[in-house]
Amino acid sequence: MTSVEDNPVSSVTALREWMFRVRIILAHAVVAIMLITAVAAFLPTPRPLLTMLSGASYAALTLAAIFLAVCAFGRPHGPTRLHLLHPPVRGRWLAANSPATKIPSHGVRMYGQSHAIDLVAWPEESQGVADYPTTTGMLPADQFPGQGLPVLAMVDGVVVNASDWQRDHRSRTSPLSHVYLAIEQTVRTMGGPHWIFGNHVTIRADDGTFAVVAHIRRRSLRVQVGDRVRAGEHIADCGNSGNSTEPHVHAQLMDRQSLWSAHGLPMGFRHAEFLPRDDETDLAETDTPVLPANGQLMITADSS
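Keep in mind that what you see is a predicted model, and the values were worked out from it rather than measured. Going along each chain's sequence as written, the residues are numbered from 1 onward. Given that this is a predicted model, residues contribute local features only at a pLDDT of at least 70 and side-chain atom pairs are listed and counted only at 80 or more, while totals for whole chains, interfaces and linings are drawn from all residues. To get the side-chain values, all heavy atoms of the structure are used, and hydrogens and water are removed first.

1. Comments concerning the overall build of the protein
For clarity, the cut-off: Only DSSP runs of H or I with at least four residues qualify as helices, and only runs of E with at least two residues qualify as strands; both kinds are numbered from the N terminus onward. Relative accessibility thresholds used throughout: buried, under 20% of the residue-type maximum; exposed, over 50%; partly exposed, between the two (1.4 Å probe, protein chains only). Any two residues whose heavy atoms approach within 4.5 Å are treated as being in contact. Accessible surface is estimated by sampling points in the Shrake-Rupley manner with a 1.4 Å probe; for residues, cover comes only from the protein chains shown.
Helices and strands together make up the secondary structure of the protein, namely 4 helices and 13 strands. Classification of the 304 residues of the protein by burial places 47% in the buried group. Restricting to contacts in the protein with at least 6 residues of sequence separation, those with at least 24 account for 73%. Total accessible area on the protein is roughly 14,600 Å²; 60% of this is exposed by carbon and sulfur atoms.

Given below as structure tokens:
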């Protein structure tokens, strides 16, 4: 049987990845030209030069938009069947940005995120969003219950990428910090997927797919590239690195290793309960290919 990885990379896929990288360069060019134009406007600069700089800025911005649109083309390698995976966490977790609610779950398909899900630790004593420090500013990551909790491998396979050098920044959960987040997110996007995902681990599954867990805690890796892991194995800790508002686990399945050109694949978690926050009774463990929707709790045990 041909695995996902065994399919040849098409010319469209190669073009898509190349244009993602060019878009990053163009984004930097746009910012640089705009800054130069803004500074030049306050200096005794000849008007033709200002006109040229402004024109160059708009041209670069237009090209960046065109390249971004082209990046949406292409198809995943192999069939896009639903894959049943081991949950990347154990205990009680709240789902956000779930593909069970909408696809693409994170509003974009780039970087293989079309079917990604975010999981936020939700201990027994947390009965609602009000219990979380969402209005008191940008708080240290260790004030959130998810920081430092185990992150588990979702598949049996081999680690092909692992990084944990990026810092765990403060939360971005207050209204004022959302303004800062919007600016920060733009800068991170210019830096490419590794600045968006922060610290992360990619595992090549035995069926040729690639499972990613992201935003892990700095210096928490328990594996390295080349290690063989089993589903349910503790591979890192939950953190707040990359484009993250608070400590949580971002999980996704992809058709290839490169975040630049990967397509997201449908996935579900086995050995888990999915409960509404306001009614936690009469729901048994399920082994069906489903995910919790936004606002639902996922309760898991170490079933490896």
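2. Section: the packing of aromatic side chains
Our working rule: Each Phe, Tyr or Trp ring (for Trp, its six-membered ring) is paired with any other whose centre lies within 6.5 Å, and the angle between the two planes then decides the class: stacked below 30 degrees, edge-to-face above 60, tilted in between.
All told, the structure shown has 2 aromatic pairs when counted by the stated rule. Residues Tyr111 and Trp260 carry aromatic rings whose centres are separated by 6.4 Å and whose planes lie at 90° to one another, so their mutual orientation is edge-to-face. Of the two residues, Tyr111 sits in the loop between strand E2 (91-96) and strand E3 (117-121) while Trp260 sits in the loop between strand E10 (249-254) and strand E11 (267-269), which places them 149 residues apart along the sequence. Since its relative accessible area comes to 12%, Trp260 is described here as buried. The interplanar angle of 90° and the centroid separation of 5.6 Å between the aromatic rings of Trp165 and Trp195 together place this pair among those described as edge-to-face. Pair noted here: Trp165 is in the loop between strand E5 (157-163) and helix H3 (175-191) and Trp195 is in helix H4 (residues 193-197), with a separation of 30 residues, a long-range link.

3. Brief notes about the nonpolar core
Worth spelling out the cut-off: For this analysis, a nonpolar core means a set of buried residues of the types Ala, Val, Leu, Ile, Met, Phe, Trp, Tyr and Cys, connected via side-chain atoms within 4.5 Å.
One finds Ile117, Leu119, Met154, Val201, Ile203, Ile235 and Phe269 to be the most contacted residues of the largest nonpolar core, which totals 33 residues. Of all the secondary structure elements, the ones that give two or more residues to this core are E2, E3, strand E6 (200-205), strand E7 (210-214), strand E9 (234-237), E10, E11 and strand E12 (272-276).

4. Topic: the sheet that holds E10
What counts here: Two strands qualify as a pair provided that DSSP identifies no fewer than 2 bridges between them.
Strand order in the open sheet made by the 9 strands is E8-E5-E6-E7-E10-E3-E2-E13-E12, with antiparallel pairing throughout. What marks the edges here is a single partner per strand, and that holds for strand E8 (228-229) and E12. The sheet contact formed by E12 and strand E13 (residues 296-300) spans 5 bridges and is antiparallel. When the sheet's bridge partners are listed, Leu275 is paired in E13 with Leu297.

5. Some words on a nonpolar patch on the surface
Which entries qualify depends on this criterion: To count toward a patch, a residue needs a relative accessible area above 30% and no salt bridge. Like charges then connect within 9 Å, nonpolar side chains (Val, Leu, Ile, Met, Phe, Trp, Tyr) within 5 Å. Here, a salt bridge means any side-chain nitrogen of Lys or Arg that lies within 4 Å of a carboxyl oxygen of Asp or Glu.
On the surface, a cluster of nonpolar side chains totalling about 430 Å² of accessible area is made up of Leu176, Val179, Ile183 and Val187. Looking at where Val179 falls in the secondary structure, it is placed in helix H3.

6. Side note on unusual backbone geometry
With an omega of 0°, the peptide bond running from Ile103 to Pro104 counts as cis. Here Pro104 lies in the loop between E2 and E3. You will see that Asn97, though not glycine, has its phi angle at about 50°, which is positive. Note on placement: Asn97 falls in the loop between E2 and E3.

7. Describing the side chain of His169
Put simply, the rule reads: Pairs of N or O atoms within 3.5 Å make up the polar contacts considered here, provided that, within protein, one atom can donate a hydrogen while the other can accept it, and that residues adjacent in sequence are counted only when both atoms are side-chain atoms.
Among the structural elements, His169 can be located in the loop between E5 and H3. Owing to a relative accessible area of 2%, His169 belongs among the buried residues under this scheme. A polar contact of 3.5 Å, which involves the side chain of His169, links it to the backbone oxygen of Ser244. Apart from the residues lying within four places of it in its own chain, the contact partners of His169 are Ala141, Arg188, Asn240, Ser241, Gly242 and Ser244.

8. What about the environment of Phe274?
Checked against the element boundaries, Phe274 lands in strand E12. You can call Phe274 buried: its relative accessible area is 12%. Sequence spacing of Phe274 and Pro292 is 18 residues, and the spatial spacing of their C-alpha atoms is 5.6 Å.

9. Details of the pattern of salt bridges
Tallied over the entire structure, the rule returns 3 salt bridges. A salt bridge links Arg81 to Asp207, with the nearest nitrogen and oxygen atoms 3.7 Å apart. A residue pair is termed long-range when its members are at least 10 positions apart, and Arg81 in the loop between helix H2 (47-70) and strand E1 (83-85) and Asp207 in the loop between E6 and E7 qualify at 126 residues. Here Arg81 falls in the partly exposed class, since its relative accessible area comes to 46%. A salt bridge links Arg256 to Asp255; its shortest N-O distance comes to 2.6 Å. With respect to burial, Arg256 and Asp255 carry one shared label: buried.

10. Regarding the side chain of Arg256
Relative to the helices and strands, Arg256 resides in the loop between E10 and E11. With relative accessibility at 8%, the residue Arg256 sits in the buried group. Looking at Arg256, its side chain comes within polar contact range of the side chain of Asp255, at 2.6 Å.

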